[in-house]
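The chain contents come next:
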Amino acid sequence: MEIPFVREMAEITYHMWRLGWDERNGGNISYLLDEAEVLKNLGAGQGEKTRSIPLSFPVKELAGKYFVVTGSGKYFRNVISDPAANLGVVRVAADGERVDVLWGLRDGAVPTSELASHFMSHIERLKADPEHRIVMHCHATNALAMTFIHDLDEKKLTKTLWEMCTECLVVFPDGVGIVPWMVPGSPEIGRATAAKMRDHRVVIWPQHGIFGSGRTMDETFGLIETVEKAAQIYMLVAHHPIKQRITDAQLLDLAKAFGVTPAAGILE
């Protein structure tokens, strides 16, 4: 039986690998599932955990919630051909101290090493939007390159991205958050990312990649895709004289036309 949320994960991880955003075992995704969806698709044995995996950080806020997650050390290009080896459906235990594996993560595999950043970001995004479901991390090439040559100031970087393509302000009016360079996979970077997720759906890790969040897989992928396209345009024009650009007044007209509110303190 084909499981719809597993198919979604397999398809999106393939596209992210194809675009060059997730080389080797780079990148990870977590997808918050409805309990009814899990019960419907995993069948009678779904409640029987295969094993428990302790967490290095408590997430009592997510107790009892189900996720499908990518596995640690797994290559995105392989998910589509063998989902059960590269993905897992997990349930957060009642005490928030571990996850129980219900499906997948075959041969002793474990969830992504960035689980701290994912779970902490889910907690914050659910406070901001109860319909939130997806956290997606990738190494989008041009967004990563941009962090080497652009000021790492959230307002300045956001404005630059908005100026690169007319759709950007409409797609991410809340702008982008930025955390300092930090060692990945730790609760510390998880907390820093989650703090930015209170106000932003996109957080950039300098010299590393992007975290994006959203209600659906398409929405979240499209959000990162739009930031990456803007960064690509920036990298193409950054070393050339700029003869014209989208003005603040035009961006404000754009926001009014599409009914979005730009993040404060960026446009004059």
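For every chain, the first residue of the written sequence is number 1, and numbering continues from 1 onward in sequence order. For a predicted model such as this one, the threshold for reporting local features is a pLDDT of at least 70, and the threshold for listing and counting side-chain atom pairs is 80 or more; totals across whole chains, interfaces and linings nevertheless cover every residue. Side-chain numbers here rest on the full set of heavy atoms in the structure, without hydrogens or water.

Caption draft 1: Spotlight on the nonpolar core. Residue types Ala, Val, Leu, Ile, Met, Phe, Trp, Tyr and Cys, when buried and joined through side-chain atoms within 4.5 Å, form a set referred to as a nonpolar core. The rule is simple: take the accessible area with a 1.4 Å probe, protein chains only, and divide by the maximum for that residue type; under 20% is buried, over 50% is exposed, in between is partly exposed. If you look at the biggest cluster of nonpolar residues, it comprises 53 residues, and the most contacted ones within it are M16, I29, M136 and L161. Here this core takes eight residues from helix 10 (residues 217-237), the largest share from any one element. Structurally, this core is a two-domain feature, drawing no fewer than three residues from each of domain 1 (1-112) and domain 2 (113-267). Whether two residues are in contact is decided by their heavy atoms, any of which lying within 4.5 Å being enough. With residues up to four places along the chain from it excluded, the contact list for M136 reads I12, M16, N28, I29, I210, F211, G212, M217, T220, F221 and I224. Core analysis: the next-biggest nonpolar cluster, separate from the first, contains 20 residues, L32, V99, L105 and F119 among them. Secondary structure follows DSSP: runs of H or I at least 4 residues long count as helices, runs of E at least 2 residues long count as strands, and numbering of each begins at the N terminus. A domain assignment, automatic or from a database, supplies the domain bounds used here.

Caption draft 2: Main features of the UniProt feature "active site" (unreviewed entry) in the chain. UniProt positions are given in the numbering used here, feature names are shortened, and annotations may be inferred rather than shown by experiment. Per the UniProt record, the feature "active site" (unreviewed entry) sits at E114. With respect to the helices and strands, E114 occurs in the loop between strand 5 (98-104) and helix 5 (115-128). Note on E114: relative accessible area 6%, which makes it buried. Every residue in contact with E114, bar those within four places of it in the chain, is listed here: N28, P184, G185, I189, W205 and H208.

Caption draft 3: Broad picture of the pattern of salt bridges. Salt bridge, as used here, is a side-chain nitrogen of Lys or Arg placed within 4 Å of a carboxyl oxygen of Asp or Glu. Under the defined criterion, the tally for this structure stands at 18 salt bridges. One salt bridge connects D34 with R133, and the closest N-O pair in it is separated by 3.8 Å. One end of the pair, D34, is in the loop between strand 1 (28-33) and helix 2 (35-42); the other, R133, is in the loop between helix 5 and strand 6 (134-138), with 99 residues separating them in the sequence. Between R198 and E124 there is a salt bridge, with the nearest N and O atoms lying 3.3 Å from each other.

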